[in-house]
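The residues making up each chain are set out below.
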Amino acid sequence: MTSGISIELLVQHPLYKHLLKFAQSVEGREKILRLLQYLTRFLRYWKFRAILSPQFAALLPSLQASFTLCRKPLRFLKPLNHLNLFTSCINDKLSDPVLRYSEAIKQFGLFWFFTFDAIVWLKMLGLVGGRGVNESLGQSKWVVNAGKYSAMMWCLGLLGGLVKNLKQFHVLLLRRLNEDKTEITPKVRIIQPFEKVCKDFIKNVLDFVIAFNLYKNKGYNDGIIGSFGTITSILAIQDIWNLC
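In this report, we go over the structure that sits alongside the text. (Residues numbered from 1 in each chain as written. Predicted model: local features only at pLDDT ≥ 70, side-chain atom pairs only at ≥ 80, totals over all residues. Heavy atoms only, no water.)

So, on to the side chain of lysine 72. Relative to the elements of secondary structure, lysine 72 occurs in helix 5 (residues 54-74). The exposure class of lysine 72 is buried, given its relative accessible area of 9%. At 2.6 Å, the side chain of lysine 72 and the side chain of aspartate 117 are in polar contact. Among all residues touching lysine 72, those that are not within four sequence positions of it are Asp117, Val120, Trp121 and Met124. (Helix = DSSP H or I, 4+ residues; strand = E, 2+ residues; numbered from the N terminus. Buried < 20%, exposed > 50% of the residue type's maximum accessible area, 1.4 Å probe, protein only. Polar contact = N/O pair within 3.5 Å; in protein donor to acceptor, adjacent residues only side chain to side chain. Contact = heavy atoms within 4.5 Å.)

This is the structure:
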C-alpha cells in the first residue's frame, strides 16, 4: 500500500512529468547520445586515458562508435524539417533581409548535412556499397565522399547561423540604444533575447570548430573536439529541457 502511494506521488511530481516529456522527445534522446559520444571522446584524450583503468580505456573507442551509430536513425528524417524551414525562409518577404537569407543558408546547409549523414548511416549498415548491395551506387562520388560533403554542409549551415547571430546582436544593440534610459521594463525584455543569442552564438562557434575539423581533417586532438562537443550538447539539452 505504502509503495503504491509512493509510486503515485513520484509519477505526479512536476519534475517526473518534465523528465517524461523530455524522454519522449526524439530530439532530447538524440542529444543525450550526442553528449555521451563527445564525453567518451573527451575521455579518450591521453591525459585522461592515463588515469583510467586499461580495461575501461580500451572500451572507449567502441563506446564512441556505438553512440555515434545509435544517433543516426534518430536523425534520419530531419532533412524534411529543414527543407520545410528553408522554404518558409524563402517565402518570407517581411522579415529583415539579412536575418532571412542567413537563416535560409543555415537551413539549406542543415538539409544537406542531414541528407549526407543519412547516406553515411546507410554505408555503415552496409546497405549502400557494402555486402554486395548497391555496389555501383556505392562507387558514386556522392556516396564515397558523403562524410566530407556532410561536414562541408554542416560548416555552411553554421556559418549561416553565425551571420544570423551577428545580425541579431546588431538589432538588439540598436534597440537598446533607442530605449529611453528612464524606462526599466523594455531593458528587462532585451536581456533574455540577448542571453539566448549569446548561447546560440557560442554553440555555433564551438560546433563550427568540430565541423571544420571533420571537413578539412585538421587532426585536432580528442580533448578539444570532445570538450567542445560536450559543451554544445549540454547547451542543446538545456534548450530542449526548457521547451518541455
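What follows is about unusual backbone geometry. In this structure, asparagine 217 is a non-glycine residue whose phi angle is positive, near 55°. Secondary-structure assignment places asparagine 217 in the loop between helix 11 (185-216) and helix 12 (222-243).

Take the environment of leucine 19 next. For leucine 19, the location among the structural elements is in helix 2 (residues 14-24). Residue classification places leucine 19 among the partly exposed positions, given a relative accessible area of 45%. Leucine 19 sits 222 residues away from tryptophan 241 along the chain, and the two C-alpha atoms are 8.1 Å apart.

This paragraph deals with the nonpolar core. Tyr38, Leu110, Phe113, Phe116, Trp154, Ile210 and Ala211 are the most contacted members of the largest nonpolar core, which totals 15 residues. Elements with a contribution of two residues or more to this core: helix 7 (97-124), helix 10 (146-178) and helix 11. Sort the elements by how many residues they give to this core and helix 10 lands first, with six residues. When residues no more than four places from it in sequence are discounted, the contact partners of alanine 211 are Ala151, Trp154, Cys155 and Leu158. (Core = buried A, V, L, I, M, F, W, Y, C linked by side-chain atoms within 4.5 Å.)

By themselves, these figures tell us nothing about what the structure is for.
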